[in-house]
Amino acid sequence: MLLDGFGAALSPQNLAFALIGCLLGTILGLLPGIGSTAGMAILIPLTLALDPAGAIIMLAAIFYGGAYGGTITSVLLNIPGEGESAITCIDGYQMTLKGRAGVALTTAGIGSFIGGTVATLALVIAAEPLSRLGLKIGPPEFFSLVLIGLALLVGLVGRSVLLGIISATLGLLIAMVGIDPVMGMPRFTFGDPHFFDGISYVPVLVGLFGLGELLATSGQAAPRPTAPTLRELIPSRMDARRSAPSIARGTVIGGLVGLIPGVSSAISSLLAYSTEKKVARHRDELGTGAIEGVAAPETANNSHSNAAFIPLFTLGIPASPAIAVLMGAFLQNGITPGPTLFTEEPELIWTVIASLFVGNLLLLLLNVPLVSLWTRILAIPYSVLRAVIFAFIVIGSYAVSNSVIDIYIMVAFGVIGFVFRQVGLPLAPLVLTLILGPFLESALRQSLQLSRGSFSIFVDRPLSLAFLVVAAVILLASVFSASLKRRAGLPTDAEV
Amino acid sequence: MNAEADTLVGDSQAAVERERRRRWLSIASAVVVTLVGAAAVIGSRTYPYWTPLGPGPGFFPRWLGGILVVCGLLWLVQVLRATRTTPARHADGTQEAVAQAILVPEDEAPEYSLPTVLAIVVSLCVLAATLEVLGYQIAMFLFVLFHLLVLGRRRLLLSLVLALVCSVGVFVVFTRFLTVPLPASSIPFLRDMGF
C-alpha cells in the first residue's frame, strides 16, 4: 500500500505540489510573526482548486516548510518565527555570531529530516492497528478523548485556565452556526442562507492567524538581517559526533510528545533542550553556541509535527493548532480525517503518508543549499510583503464560496485575533474546538441518545471513564500548578 | 536632565499608556464574552432543548452560553481586582512584580500601532465593499496602491508596478489558469472595458 502511495506521491504533479508547498511554507515561515499555522491558513485558498491529494500534500509541505523557515530566523536573527523554534535561538544565534550559521542550519535540517522520517515510519507501523482501535471507539469515548485534548491545551499552554476555557467555548459556539448536525435544524444563521453551511473555516483561520498577527505586529519595525557568512555548510566530523545522540534523543522525545493531543511542538523542543541540559556530554557549553542546543530541539519539533499526524489519521483528533488547521483543510476538501480513511480512501491516505517522506527529503535537499536566498527574501521591505499578503488573504477568503461576506468574516476575525493577542486569550483552544465542534456535539448527542438521555453513559463505559478522569486530573492539576508552571518557564501560549 | 533620561521617561510613559489601554481592552473583552454568552442562551431558546431522541439542537448552545456567561463574569472580576491591586511604579523606578496572572505582561504582547491597525481594517472593509462594484482589478489596484504609497511610503513606480501585478496580473492568472472566478465590475461601462 505504501509503495503504491510512493508511486502516486512521486508523480510529477504531486512532486510539484510538495515542492511549491515547501518553498511557500519556508517563505511564510521566514516572515516575522507568521508561523506555520498562520502560513497554512493563508495558503489554504491556494489549494482549493487542486484535487484532494494534491491539496493535502501541498498543505503538509507548507506545514513543515514553515517550521523550517522559523528555524532560519531563529538562528540568523535571534527572532523565533514561532514558539517551537524559540529555544533554538539561544544556541543557534550564538553559533551565528561565531560564524557557524551554516553548520547550525544544516544540522537543524538533517535533524528535522531524521526526526520527521522516524516519526512518519512510526505512523506507517501504527496506522493500521491504531485505526482498527479507532473504529471501536464509540461516541462517548470520542467525546471524553477530545476533552483530554482540550484539558491539556487549556491547562498546559494557556496563561490562565479560565481564559483557555473561554477561548474553547467561543470556538464551540462559532461551530454551532449552521445546520445542526443531528436534526438538520438551522441555528444562529441570522436568516441568511450563506450561513446554512456554517461559518467556513478558511476565512476564520486566515483572519485569526494571518490578519490578526499582521495587525498585532503592525507597530514593529521589520528586522533587517545582516547576511551571515556561510563559509561552511557541512558539519565537521566533531559536530556530527556531538549532534548524533542529541538528534536521537530529540526524535524520541518529539515522537512521544507528539502523540498527546493538545500539546504543541513548542513543548517538545523545550523538553528536548532541557534534556540536553541534563544529559548531554558537553552540557556546560549549552547557551554559548553548542550544536546540541540546535540539533535536539529542532529534531524534536519536526518529529513532533510528524507524529502528530498519528492521532489525526487514526482517531480523527488534531493534536495541535497547526494540525487542526490541516484538519480544516481536509474537511474543506470533503475528507473527514479518522480511522475510516484507511478503509474508505486508502489510496489518498497512503499517498499523503508517502508524501510526508518525500516532503521531509525535499526540505533537506532544497532548503539547506538555498539558505542565502532565504536571507535575501528577508531584506524585502515589510510593507511590500504585507500589501501582497493582504491581497492574497482577500482573494483567498473570497474564493472559498465566491462571496464578499467571507471577506468581512475574515476581517472581523482578524480584529478578534488581534484582541485575543492583546488581552492574553489563547487562540489554540478556539481553533481546536472550532474544527472539532460539530464532531464533539454529534458525539455528545449520539451518546445521550444511546443512553436515552442519561449522562451515566460517560462513566459506565470503562474507557470513557478513564479518559474523563485523566481530563479532570489534568485540568485540576493545571489550575493548582499555575505558579509552578510559570516558575518552570513553560511557554504561556501555544505556538501559533 | 539629559537626553537619555528623557527617552527613558518617555518610554515608561508610553508603557504605562499601553498598559492602561490593554487593561481597558481586557475589561471590554470580558463584557463582550459575557454578552455573547447571554445572547447564545437567549437565542437558543427558540431551538428545542430536549427531544424524545435525546438532547435537541438547543442543548449545546444553551450550555455553552451559560459557561461563557459564568467565565466572562469571573474574568471581569479578576481583571477589575488586578486593576485595583497592581502596585504603582515606585519613586526609584522599580516596579513590584505583578502577581496577577490575568493581565498580559508588558514584554509579551506584541507591539502594534493603532493608526496602522485602523487603516488596515478600514481599507480591507472598503476593498470588500467596492469589490463587486468596481470589479476586482480596479478595487485591488487602489487597495495595493494605498498600502504601498500611503502606508508604506514606497516609490511611485514600484507601487504602480506592484499594484498592477496584484490586480490585473493576479486576475488573469486566477481566472484563466487556476479557474478561480474573481468578481467583475457591476457597472456596465467598466465591465465593457474588461474590468
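Residues numbered from 1 in each chain as written. Chains lettered and ligands numbered in written order. Predicted model: local features only at pLDDT ≥ 70, side-chain atom pairs only at ≥ 80, totals over all residues. Heavy atoms only, no water.

(A) Examining the interface of chain B and chain A more closely. The partner chain A presents 60 residues to the 70 residues of chain B that form the contact. With both chains or domains summed, chain B and chain A bury close to 5500 Å², and 79% of this area falls on carbon and sulfur atoms. Along the contact surface separating chain B from chain A lie zero salt bridges. At the surface where chain B touches chain A, the tally comes to five residue pairs in polar contact (both at pLDDT 80 or more). Contributions of two or more residues to the side of chain B that touches chain A are made by α1 (3-43), β1 (50-51), β2 (54-55), α2 (59-85), α3 (114-134), α4 (136-151) and α5 (156-177) of chain B. Here the side of chain B that touches chain A is built from residues that sort into 51 nonpolar, 14 polar and five charged. (Contact = heavy atoms within 4.5 Å. Buried area = accessible area lost by both parts, 1.4 Å probe. Salt bridge = Lys/Arg side-chain N within 4 Å of Asp/Glu carboxyl O. Polar contact = N/O pair within 3.5 Å; in protein donor to acceptor, adjacent residues only side chain to side chain. Helix = DSSP H or I, 4+ residues; strand = E, 2+ residues; numbered from the N terminus. Nonpolar A, V, L, I, M, F, W, Y, C, P; charged D, E, K, R; others polar.)

(B) Focus on the side chain of A:Ser246. Residues and elements named next belong to chain A. Structurally, the position occupied by Ser 246 is in helix α10 (residues 237-258). Classification of Ser 246 as buried rests on a relative accessible area of 0%. Excluding residues within four positions of it along the chain, Ser 246 makes contact with Glu 276, Glu 292, Ala 295 and Ala 296. (Buried < 20%, exposed > 50% of the residue type's maximum accessible area, 1.4 Å probe, protein only.)

(C) A look at the packing of aromatic side chains. Residue and element names in this part refer to chain A. According to the stated counting rule, one finds 13 aromatic pairs over all chains in the structure shown. Between Phe 63 and Phe 309, the ring centres sit 6.0 Å apart and the planes meet at 85°, which makes this aromatic pair edge-to-face. One end of the pair, Phe 63, is in helix α4 (residues 52-77); the other, Phe 309, is in helix α13 (residues 309-315), and 246 residues separate them in sequence. With centroids separated by 5.6 Å and ring planes inclined at 25°, the aromatic side chains of Phe 309 and Phe 313 adopt a geometry described as stacked. Of this pair, Phe 309 and Phe 313 both sit in helix α13, separated by four residues, roughly a single helical turn. Cluster of aromatic residues (ring-pair linked, three or more members): Phe 63, Phe 309, Phe 313 and Phe 330. (Phe/Tyr/Trp six-rings, centres within 6.5 Å; stacked < 30°, edge-to-face > 60°.)

(D) Local environment of the packing of helix α9 (residues 201-216) of chain A against helix α19 (residues 404-423) of chain A. Residues and elements named next belong to chain A. Relative to each other, α9 and α19 sit at 50°, their axes nearing to 6 Å. Judged on the interaxial angle alone, α19 and α9 are oblique. Between α9 and α19 lies a crossing whose hand is right-handed. Contacts between α9 and α19 involve Pro 203, Val 204, Val 206, Gly 207, Leu 208, Phe 209, Leu 211, Gly 212, Glu 213, Leu 215 and Ala 216 from the first element and Asp 406, Ile 409, Met 410, Val 411, Phe 413, Gly 414, Val 415, Ile 416, Gly 417, Phe 418, Arg 421 and Gln 422 from the second. (Axes fitted to C-alpha atoms, helices over the stretch in contact; angles between N-to-C directions. Parallel < 35°, antiparallel > 145°, perpendicular 65-115°, else oblique. Left-handed = near helix turned anticlockwise from the far one by under 90°.)

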